[in-house]
Amino acid sequence: MIHESKRRQALLAIQAVMIGGRTMAYSKADHKDIARVLDIGEYLVSLFIESSDRTEDFRENLVELANAYEELGWAIAKFDAD
C-alpha cells in the first residue's frame, strides 16, 4: 500500500511516468527504454494493493527512473509535493 498521506501524490507521479513514456515514444526513444519506463509504471500501480506499506519502495523506483531518464525527474517532484 501507499501511505494515505501520499496516495494523491503517488497517482500524480504515476501519471507523470506514463506521460514520460508516451513522450519517449513520440520522440522515437529506444523501445527497451520505453518498455523499462512502462514496466516500472506498472509496478508502481501494483504497490497500491500490497498489504504492507510500500511508500519508500515507490519513491525508490521513481528515483531509479529519474537517474536513468532525466526527463522523468518531475515524477519525483510530483510525489514529493505536499
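Structural data are supplied above this passage.
Scoring rules and cut-offs
- Residues numbered from 1 in each chain as written.
- Predicted model: local features only at pLDDT ≥ 70, side-chain atom pairs only at ≥ 80, totals over all residues.
- Heavy atoms only, no water.
- Helix = DSSP H or I, 4+ residues; strand = E, 2+ residues; numbered from the N terminus.
- Rg over C-alpha atoms; globule rule 2.2 N^0.38 Å.
- Buried < 20%, exposed > 50% of the residue type's maximum accessible area, 1.4 Å probe, protein only.
- Contact = heavy atoms within 4.5 Å.
- Phe/Tyr/Trp six-rings, centres within 6.5 Å; stacked < 30°, edge-to-face > 60°.
- Lys NZ or Arg CZ within 6 Å of the ring centre and 35° of its normal.
- Salt bridge = Lys/Arg side-chain N within 4 Å of Asp/Glu carboxyl O.

S.K.: Lay out the overall build of the chain with the relevant residues and their values.
M.R.: For the chain, the helix and strand inventory stands at four helices and zero strands. When its helices and strands are written in sequence order, the chain yields α-α-α-α. Computed over its C-alpha atoms, the radius of gyration of the chain comes to 12 Å, within 12% of the 12 Å expected for a compact globule of 82 residues. Its C-alpha atoms put the chain at 35 × 25 × 15 Å along the principal axes. For the chain, buried positions account for 35% of its 82 residues. Within the chain, counting contacts between residues at least 6 apart in sequence, those at least 24 apart form 65% of the total.

S.K.: Break down the packing of aromatic side chains for me, with residues and values.
M.R.: Under the definition given, this model contains two aromatic pairs. One aromatic cluster in this structure is built from F48, F58 and F79. Directly above the aromatic system of F79 lies the positively charged group of K6, at a separation of 4.7 Å from the ring centroid.

S.K.: Please provide a residue-by-residue account of the pattern of salt bridges, values included.
M.R.: Scanning the entire structure with this criterion turns up four salt bridges. One salt bridge in this structure joins R54 and E50, with 3.5 Å as the shortest N-O distance. With relative accessibility at 17%, the residue R54 sits in the buried group. You can call E50 partly exposed: its relative accessible area is 33%. The salt bridge partner of D80 is R59, with a shortest N-O separation of 2.7 Å. With D80 in helix α4 (residues 73–80) and R59 in helix α3 (residues 55–68), this pair connects stretches of sequence that are 21 residues apart. A residue is classified by how much of its surface remains accessible, and R59, at 29% relative accessible area, is partly exposed. Linked through salt bridges whose partners overlap, the residues forming this network are E50, R54 and D57.

Just distances and angles here, no functional claims.
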